[in-house]
Amino acid sequence: MTSFDNAQTLTFNVGPHHSAAIGPLRMKVRTDGEMVVSCEPDVGYLHRGIEKLAERMTWTGFMPYTDRVDYLSAIHCNLAYALAVESLAGIAVPERAQTIRVLVGELNRLGSHLLAVGHLANQLGAETALMYALRDRERINNLFEMLCGARLTYSYVRIGGVAADVTEGFIEKTYEFVEYLMPKLKEYHDLLSNNRVFMGRLAHVGVISPATAIDCGLTGPTLRASGVKYDTRKMQPYSGYQKFDFDVPVGKGEVGAVGDAFDRYIVRMRELEQAVSIIKQALDALPEGQFSTALPRLFKAPKGEAYAAVESPRGTLGVYVSSSGEKNPARVKFRTPSFAALNLFPDLFKNIPLSDVGTIVGSLDIMVSEVDR
Amino acid sequence: MGILENAFPEYVVFSQLDKAINWARENSISYLTMDLACCGVEMAQVAGGRFDIERFGAVAQVSPRHADLMIVAGTITYKMASRIRQLYEQMPHPRYVLSMGSCSNCGGMFSWEYSYSAVSGVDKLIPVDVFVPGCPPRPEALLHGLITLQRRIAGQRVLVRDELSVVRGANGNP
């Protein structure tokens, strides 16, 4: 509730129904005039109990729920869970399935980063960029629809491989799409990266030092924007990422300080280019073979526990699974990157103008479903 | 027209007041984007270039006080439930609710049989005019839901209390 604590400060809510974060995130903001004194995130508005639900599902039946953990990068959540169960049960994944996983994962990363960039621009009032992003996302959705029939929640990666083989038509259309996207990225750069107003709104805003970033457990583009070169795809390669040639872009403080909102934006834009390059490599080097390993009809993972991590568009997404040898998991735990980003809030929202709150939340790319699960 | 024919210049149009008001209402819907979960992304896509919900006169609003229609897109948790009710009460009359996706229709994957923290449907909280099924629904389905709502508005009586208004209170809403 809005209240005057004393003559000086005013406390009010940003959210849970607000456009700053994707989903219902509530921030209790205390202001002194135009300046924010403190900010406290309040999570749980989208707590759906997915981890608890896993205990009632079969190992394979839980897969659609992993889509909903982070619906902008459903493939990565599928993949993290599948990798964890595979390492627990010792299932070997065919080469072709691994490359397909990389391919669809990077396609999904494109979609997520495009929306993140468009969303950030929309926060600053640049609605055109959001419309461009939605236009390009639509093509990615079409590709996924062709592949697995779903536009958003794919459940395409399964334990032991993927749900269906890629078709000739899909490969052709994906080549077409990457050819289409590369010139479009220049459009985004012209519209945003080289825009004086956009630079002015993002430079020196929400600076995160490398030490703070590491202390808070940040991962992904947000960490890399602070100048720390950490990428799960390079550090703990999974699904055959070691065979691909790609760079890990880091923030350099091009227009402001290292680790400011502009760095987070530009790192995402550079990652788009890298993702396109990985997609091309995966399409060129798609090995022949099977797309999945056959599982028994009632799959039971052996007793034990396993952890697997993937690089989702928001950072390291880890899944811990524990099995008691039954047909359903004993415990599934998600380690999600957006939740770590909330640790920053008390430090980050201090002595900043109120108008920067939306910018910073937008640049952190917080996905509330992933925070709350 | 009889004796009225040619009695007025051509820019004078005769209509029923009901029809005129409903025509204005159904073609200028401001919708409150209640993007709670996955469906919210599809709702954003509908506002994009390919599906372009503005063709139907509907435009997104972020304030409940300027909205006619609330599109509830996503899972409603117990923590969020009171907020949805509060935002609905802040909307001016006449107000409509479109429930998008299985979660807000009936709980879907997160209904009470499965999840301990999700409400089984937004109709437990506020009256719903149109349900759009799907998990998440395709953008075409949402557009169809909007057109269904527009047809419903077209059939409303503004000056006379019809059966629907008796059940749901004045102005077709409780």
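Residues numbered from 1 in each chain as written. Chains lettered and ligands numbered in written order. Predicted model: local features only at pLDDT ≥ 70, side-chain atom pairs only at ≥ 80, totals over all residues.

Across its full length, chain A carries 15 helices and ten strands. Its C-alpha atoms give chain A principal-axis dimensions of roughly 70 × 45 × 35 Å. Taking all 373 residues of chain A together, 50% fall into the buried category. Across chain A, the fraction of contacts at a sequence separation of at least 24, relative to all contacts at a separation of at least 6, is 71%. (Helix = DSSP H or I, 4+ residues; strand = E, 2+ residues; numbered from the N terminus. Buried ≥ 20, exposed ≤ 12 C-beta atoms within 10 Å, placed from the backbone. Contact = placed C-beta atoms within 7 Å.)

Turning next to the overall build of chain B. Scanning chain B for helices and strands turns up six helices and five strands. Overall, chain B shows an N-to-C arrangement of helices and strands of α-β-α-β-β-α-β-α-β-α-α. Taken along its principal axes, the extent of the C-alpha atoms in chain B is 70 × 40 × 25 Å. Burial status across chain B gives 41% buried among its 174 residues. The long-range share in chain B, meaning contacts at least 24 apart out of those at least 6 apart in sequence, stands at 79%.

Turning our eyes to something else, we now look at the interface of chain B and chain A. The partner chain A presents 26 residues to the 29 residues of chain B that form the contact. Here the side of chain B that touches chain A gets six residues from one element, more than from any other, and that element is helix H2 (residues 38–47) of chain B. Along the lines of polarity and charge, the residues of the side of chain B that touches chain A split into 15 nonpolar, eight polar and six charged. (Nonpolar A, V, L, I, M, F, W, Y, C, P; charged D, E, K, R; others polar.)

Right, let's talk about the pairing of strand E7 (residues 304–312) of chain A for a bit. All names here are of chain A. Where E7 meets strand E8 (residues 315–323), nine bridges bridge the pair, whose relative direction is antiparallel. Its bridge partner being in E8, Ser312 is matched across the sheet by Gly315. The antiparallel hairpin formed by E7 and E8 contains two residues in its connecting segment. (Pairing = 2+ DSSP bridges.)

This part is about the nonpolar core. Membership of the largest hydrophobic core comes to 151 residues, with the highest contact counts inside it found for Ala80 of chain A together with Leu69, Met70 and Ile71 of chain B. Looking at which element gives the most residues to this core, the answer is helix H4 (residues 95–123) of chain A, with 13 residues. Each residue touching Ala80 of chain A, except ones within four places of it in the same chain, is listed here: Ala308, Ala309, Val310, Leu317, Gly318 and Val319 of chain A. (Core = buried A, V, L, I, M, F, W, Y, C linked by C-beta atoms within 7 Å.)

A word on the sheet that holds strand E9 (residues 331–335) of chain A. All names here are of chain A. Judged by pairing direction, the sheet is antiparallel, and its three strands sit side by side in the order E7-E8-E9 without closing on themselves. Edge strands, defined here as strands with exactly one partner in the open sheet, are E7 and E9. If you compare each strand with its neighbour and ignore which way they point, the axes differ by 15 degrees on average. Seen against the sheet, helix H3 (residues 74–89) touches E7 and E8 and runs at an angle of roughly 150 degrees to E7. (Axes fitted to C-alpha atoms, helices over the stretch in contact; angles between N-to-C directions.)

Further remarks concern the sheet that holds strand E3 (residues 69–73) of chain B. Residues and elements named next belong to chain B. Taken together, five strands build an open sheet; the order of strands is E2-E1-E3-E4-E5 and the sheet is parallel. The open sheet is flanked by strand E2 (59–61) and strand E5 (130–132), the only strands paired with a single partner. Recorded for the sheet is a direction-independent mean angle of 30 degrees between the axes of neighbouring strands. Of the pairings in the sheet, the one linking strand E4 (residues 96–100) to E5 comprises three bridges and is parallel in character. Each bridged residue has a counterpart across the sheet, and for Met100 the counterpart in E5 is Val132. Here H2 sits on the sheet in contact with strand E1 (30–35), E2, E3 and E4, set at roughly 130 degrees to E3.

Let's shift gears to unusual backbone geometry. Note on backbone geometry: most residues besides glycine have negative phi, and most peptide bonds are trans. Put simply, His93 of chain B and Pro94 of chain B share a cis peptide bond, and its omega is -10 degrees. Of the consecutive residues Cys135 of chain B and Pro136 of chain B, the connecting peptide bond is found in the cis state with omega at -10 degrees. With respect to the secondary-structure elements, Pro136 of chain B resides in the loop between E5 and helix H5 (139–154). One non-glycine residue with positive phi stands out, namely Ser155 of chain A, at about 50 degrees. Mapped onto the fold, Ser155 of chain A is located in the loop between helix H5 (127–148) and strand E5 (157–158). In this structure, Asn351 of chain A is a non-glycine residue whose phi angle is positive, near 55 degrees. Inspection of the secondary structure assignment puts Asn351 of chain A in the loop between helix H13 (345–348) and strand E10 (352–353). On the neighbour-count criterion, Asn351 of chain A (9 C-beta atoms within 10 Å) is exposed.

What follows covers the environment of Thr11 of chain A. All names here are of chain A. Among the structural elements, Thr11 can be located in strand E2 (residues 10–14). Look at Thr11 and you get partly exposed, because 16 C-beta atoms sit within 10 Å. Thr11 sits 186 residues away from Val197 along the chain, and the two C-alpha atoms are 29 Å apart.

Further remarks concern the environment of Asn141 of chain A. Within the fold, Asn141 of chain A resides in helix H5. C-alpha separation for the pair Asn141 of chain A and Val207 of chain A, spaced 66 residues apart in sequence, amounts to 34 Å.

All names here are of chain B. Averaged over all residues, the pLDDT of chain B is 84; the fraction at 70 or higher stands at 91%. Here residues 169–174 scores under 50 on pLDDT; set against residues more than four positions off or in separate chains, the count is 15 contacts. Here the complex is predicted with pTM 0.88, and the ipTM for its interfaces comes to 0.85. (pLDDT = per-residue confidence, 0-100.)

To continue, consider the environment of Pro296 of chain A. Secondary-structure assignment places Pro296 of chain A in the loop between helix H11 (261–284) and E7. Separated by 250 residues in the primary sequence, Pro296 of chain A and Leu46 of chain A have C-alpha atoms spaced 35 Å apart.

A word on the pairing of strand E3 (residues 26–32) of chain A. Residues and elements named next belong to chain A. In this sheet, E3 lies alongside E2 in antiparallel orientation, the contact comprising five bridges. The residue bridging Thr11 from the neighbouring strand is Arg30, located in E3. Summarising the sheet, E3 and strand E4 (residues 35–42) pair through seven bridges and their orientation is antiparallel. Bridging across to E4, Arg26 finds its partner in Asp42.

Here we come to the packing of H4 of chain A against H11 of chain A. Helix-helix packing: each pair is described by the crossing angle between the helix axes and the interaxial distance. Residue and element names in this part refer to chain A. Contact geometry of H4 with H11 gives a least axis separation of 9 Å together with a crossing angle of 155 degrees. With respect to H11, the axis of H4 lies roughly antiparallel. The element H4 and its partner H11 pack so that their crossing is left-handed. Judged by residue contacts, Thr99, Val102, Leu103, Glu106, Leu107, Arg109, Leu110, His113, Ala116, Val117 and Leu120 of H4 engage Tyr265, Arg268, Met269, Glu271, Leu272, Ala275, Ile278, Ile279, Ala282 and Leu283 from H11. (Parallel < 35°, antiparallel > 145°, perpendicular 65-115°, else oblique. Left-handed = near helix turned anticlockwise from the far one by under 90°.)

All names here are of chain A. In the contact formed by H11 and helix H14 (residues 356–364), the axes pass within 9 Å of each other and the chain directions differ by 35 degrees. H14 is crossed by H11, and the crossing has left-handed handedness. Every residue of H14 that contacts H11 at Ala261, Arg264 and Tyr265 is listed here: Thr359, Ile360 and Ser363. Among the residues forming the contact of H11 with H14, the class breakdown is three nonpolar, two polar and one charged.

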